[in-house]
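# Chains, contacts and geometry: an overview
Listed below, chain by chain, are the residues.
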Amino acid sequence: KNYKEVSIDPTTQQMYERAQEMGIETVWERLEKQQPQCGYGLLGICCRNCMMGPCRINPFGGEPKRGVCGADADTIVARNLLRMIAAGAAAHSDHGRHVALTLLIAAEMAEKFKKEGKPVLELDNMASNTLPYQVRDVEKLKAVAKRLGIETEGRTIREIAKEVAEVALNDFGKQDEEAIAFLKAYLNPKTYEVFEKAGEKAGMPWFENGILPRSIDREIVESLHRTHIGTDHDPVSILLHGLKTSLGDAWGGSLIATELQDILFGTPQVIKAEANLGVLKEDYVNIVVHGHEPVLSEKIVEAAQDPELIELAQKYGAKGINVVGMCCTGLEVLMRHGIPIAGNFLQQEMAIVTGAVEAMVVDVQCIMPATVDVARCFHTKIIDTSPIATFPGAIHIKFDERRADEIAKEIVKTAVENFPNRSKQRVEIPKEKMEGYVGFSVEAILKHFGGTLKPIEDAIIEGKIKGVAGLVGCNNPKVKQDHNHIKIANELMKRDVLLVGTGCWATAAMKYGIFLPEYADTENVGPGLREFAKEWGIPPALNMGSCVDCTRILVLADMVARDLNVPIHALPVVGSAPEAMTEKAVSIGTYFVASGITTHLGVVPPVLGGPKVVKILTHDLYDIVGAAFIVEPDPYKAAKKMYDHIMKKRKELGI
Ligand code: BF8
């Protein structure tokens, strides 16, 4: 492939060419070797759920029309989609569980140390550095506790933290029929009612509490149960349960991840930072933290500041230690500490191809096993850390929260000691990098606008801003890297739509300068949005963080819905995953829609083989939850459709 076909990012282009010259296989070659991809798989009409199969349905209307059990194309497509949603929700939510357990462990350690007579006040405040994890944002802890109805008066931080963690953990495994506590604590009543009535509206009153998730784990387990051979066969009920499962992710697993990470590591505030492969430094030990959970990357960032390890790096001839991020864990430390981010999903192999990375430290999700193969061509060490994610050929330094500092130092030391193995002649770091403002948590946005969202709401009502679009999600090698991300962003901003975003979209946007206030002066931003951005000194698009932080977008939408006293689906708000790839992206898209945000997908999900399923997803859901999917691979047409939806919502609101 020509380098121009794979990406619009000059650093990826440069490293891709280099990989080709060196004979290193990358994601694009592997995609090519998969061609032609299975047509049944692309349409979603193959079923491997039992051993009478595998079965597949003739997409042209001939035989076979049914699988061995009698399931038709729509049943099979719906079941496959539900399994994707469940896997995506599981990944986000297991991450959330891990964060909640970390908060609980820290609170229990504080309790234990206190009993052992160690400094009492610091432990009660969970501010002691004898603890592996502390409470960095006391205000946020109290705010979350208050939402959950947890008493804060007259109690220690330790006690409050413990109870918040317990309530969160209870939401994963409780067995009653009530909605999860976090959803009840965060969601406005009008949208709650939409969820409650969804079953009735879909003609399935036996969905007693509609699509209100009862427990995060239970809905995921039930997804697997329903899709087992011989269980649920109606695409409507299968998809309704898909919405419910995704809502357990949205207002449960992911929300818990975001909120409790803010408590443990600090709530992001606006800060300037840099993005793209140019953040790697030739004369430093480069460590790339890659994956999703800041429980690890936060500690690596801390350990890299250890004077002894810096001294060791200098002893080996480096100037110091340079930690940079990749994918969502990169966004976590970018948002909270301004740690530079080296790239998004399709740049993980490219970072190694620079020849300048001593260690890529990985935890969970979106890490290609191929990183190990690419690393073999250089001195780079892939260090896997999560007990649930092992990479053959990598070094295993498994993480344990109770010994977090010690293990983080061991990992950083391993990277430092690898510096002498770097071959200087084989280093080529692209020079491109871009600055941008990041850290737009809901709290940071409120602070910026004087404690209220009124300025944004007024600008929307006046029509200066037409609406808000949440742009999220991955890279996918089926799409030229970042191409759709940037095109859709520009097309929306030109139409005066304010952007908020997360995940690999956010890293893409940052690389092209969209997170600089000056971007408002470009021709890619309409006059109304320009005026608004300038008036408030913000970029025309706001980086709200990692993929679990899509819940920040939900919380923001919820606040506006409350202010206007309408359900979320009444707002002039749209979502988009222009280059969607993962099952997590499917779960996010589904929970955006279920929550009332009509959402565009730029990559066609494997559903086209089920015409009823397609109709439900793109039309019928408007009557059930007030929002639906738009599927459109062309970024220009997609932006137009999203804008039309915003304008329709404005008209309905009478603005
Ligand atoms: O959770 S955007 S490729 S990195 S899935 Fe993965 Fe997609 Fe990137 Fe993070 Ni989100």
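Residues numbered from 1 in each chain as written. Predicted model: local features only at pLDDT ≥ 70, side-chain atom pairs only at ≥ 80, totals over all residues. Heavy atoms only, no water.

### As for the layout of surface pockets
As a volume, the largest pocket reaches approximately 1000 Å³. Along the wall of the largest pocket there are 34 residues; nearest its centre are L42, M84, K478, M581 and P606. Elements with a contribution of two residues or more to the lining of the largest pocket: α3 (27-33), α4 (39-43), β1 (46-47), α5 (73-115) and α25 (583-595). Empty space within the second largest pocket amounts to approximately 320 Å³. Broken down by secondary-structure element, the contributors of at least two residues to the lining of the second largest pocket are α5 and α13 (294-303). If you tally residues by element for the lining of the second largest pocket, the top one is α5, at six residues. (1 Å grid on protein atoms, 1.4 Å probe; cavity = no way out; pocket = protein on both sides within 12 Å on 5 of 7 lines; lining within 4 Å. Points joined across faces, edges and corners; volume = space filled by probe spheres on them. Helix = DSSP H or I, 4+ residues; strand = E, 2+ residues; numbered from the N terminus.)

### Considering the site of the ligand
If you check the shell around the ligand, you find H292, C327, C328, F345, C366, G473, C474, C504, C547, M581, T582 and K584 and nothing else. H292 places a side-chain nitrogen or oxygen 2.8 Å from an oxygen atom of the ligand. With respect to the ligand, the side chain of K584 contributes an N or O atom lying 3.0 Å from an oxygen atom. More than half of the atoms belonging to the ligand lie within 2 Å of the grid points that define the second largest cavity. Looking at side-chain class alone, the shell around the ligand contains eight nonpolar, three polar and one charged residues. Both domain 3 (277-426) and domain 4 (439-653) contribute no fewer than three residues apiece to the shell around the ligand. (Near = heavy atom within 4 Å. Polar contact = N/O pair within 3.5 Å; in protein donor to acceptor, adjacent residues only side chain to side chain. Sits in = over half its atoms within 2 Å of the grid points. Nonpolar A, V, L, I, M, F, W, Y, C, P; charged D, E, K, R; others polar. Domains from an automatic or database assignment.)

### Things to note about the pattern of salt bridges
When the charged atoms of two side chains with opposite charge come close together, those side chains can pair. Taken as a whole, this structure holds 55 salt bridges when the rule is applied. Between R214 and E222 there is a salt bridge, and its shortest N-O distance comes to 2.7 Å. Side by side, R214 and E222 carry an identical accessibility label, which is buried. The closest approach of N and O atoms between D306 and K409, which form a salt bridge, is 3.3 Å. Here D306 is found in the loop between α13 and α14 (307-315), whereas its partner K409 is found in helix α18 (residues 404-417), with 103 residues between them in sequence. (Salt bridge = Lys/Arg side-chain N within 4 Å of Asp/Glu carboxyl O. Buried < 20%, exposed > 50% of the residue type's maximum accessible area, 1.4 Å probe, protein only.)

### Topic: the packing of aromatic side chains
How two aromatic rings sit relative to each other is given by the distance of their centres and the angle of their planes. Applying the stated rule across the entire model yields seven aromatic pairs. Centre to centre, the rings of W505 and F515 are 6.0 Å apart; their planes meet at 70°, and the pair counts as edge-to-face. Taken as a pair, W505 in helix α22 (residues 503-511) and F515 in the loop between α22 and α23 (527-536) lie far apart in primary sequence, ten residues in all. By the burial criterion, W505 is buried, and F515 matches it. One aromatic cluster in this structure is built from F449, F532 and W536. Its guanidinium or amino end placed over the ring of Y643, R495 lies 5.7 Å from that ring's centre, counting from NZ or CZ. (Phe/Tyr/Trp six-rings, centres within 6.5 Å; stacked < 30°, edge-to-face > 60°. Lys NZ or Arg CZ within 6 Å of the ring centre and 35° of its normal.)

### Digging into the coordination of the nickel atom of the ligand
Note on metal sites: the ideal angle is 109.5 degrees for four tetrahedral donors, and 90 or 180 degrees for six octahedral donors. No other protein atom reaches the nickel atom of the ligand as a donor apart from C547 (SG), found 2.2 Å away. Around the nickel atom of the ligand, the four donor atoms sit at angles spanning 92 to 153°, and that spread fits a shape best called irregular. Mapped onto the elements, C547 comes out in the loop between β13 (541-545) and α24 (550-564). (Donors = N, O, S within 2.8 Å, 3.2 Å for Na, K, Ca; no water. Tetrahedral: all angles 85-135°; square planar, octahedral: opposite > 155°, others 65-115°.)

### Side note on the domain arrangement of the protein
As assigned here, the protein comprises domain 1 (3-56), domain 2 (73-264), domain 3 (277-426) and domain 4 (439-653). Domain 1 and domain 4 are separated by 27 Å when their C-alpha centres are compared. Taken together, the 16 residues of domain 1 in the interface contact 15 residues of domain 4. Run the count over domain 1 and domain 4 and you get one salt bridge. Here D9 makes a salt bridge to K511, at a shortest N to O gap of 2.8 Å. Inspection of the domain 1/domain 4 interface yields eight residue pairs in polar contact (both at pLDDT 80 or more). Taken together, the elements giving at least two residues each to the side of domain 1 that touches domain 4 come down to α1 (3-6), α3 and α4. Here the residues of the side of domain 1 that touches domain 4 sort into eight nonpolar, five polar and three charged. (Contact = heavy atoms within 4.5 Å.)

### Describing helix α10 (residues 189-201)
An α-helix turns once every 3.6 residues. As a result, residues three or four positions apart point the same way. With 13 residues, α10 extends 18 Å between its outermost C-alpha atoms, agreeing within 8% with the 18 Å of an ideal straight helix rising 1.5 Å per residue. A maximum bend of about 30° is found in α10 at F195. If you check which residues of α10 are buried, you get T191, V194, F195, A198 and G199. Those residues of α10 that are buried lie in contact with α9 (181-186), α12 (235-265), α25 and α26 (611-625). Once α10 finishes, G203 follows within two positions and takes phi at roughly 80°, a positive value. (Expected span 1.5 Å × (residues − 1). Bend = angle between axes of the 7 residues up to and from the residue.)

### Some words on the sheet that holds strand β16 (residues 629-631)
One open sheet holds the six strands; their spatial order is β13-β12-β11-β14-β15-β16, and the pairing between them is parallel. Strands at the two margins of the open sheet, each flanked by one partner only, are β13 and β16. Averaged over neighbouring strand pairs, the angle between their axes works out to 25° when direction is ignored. (Pairing = 2+ DSSP bridges. Axes fitted to C-alpha atoms, helices over the stretch in contact; angles between N-to-C directions.)

### A word on empty space enclosed by the protein
Inspection of every chain in the model, using the stated rule, returns six cavities of 30 Å³ or more. As a volume, the largest cavity reaches approximately 240 Å³. Around the largest cavity, the lining is made up of 20 residues, and of these I456, I460, V468, V560 and V573 lie nearest the centre. Among the secondary structure elements, those contributing two or more residues to the lining of the largest cavity are α20 (454-462), β12 (497-502) and α24. A per-element tally of the lining of the largest cavity places α24 first, with five residues.

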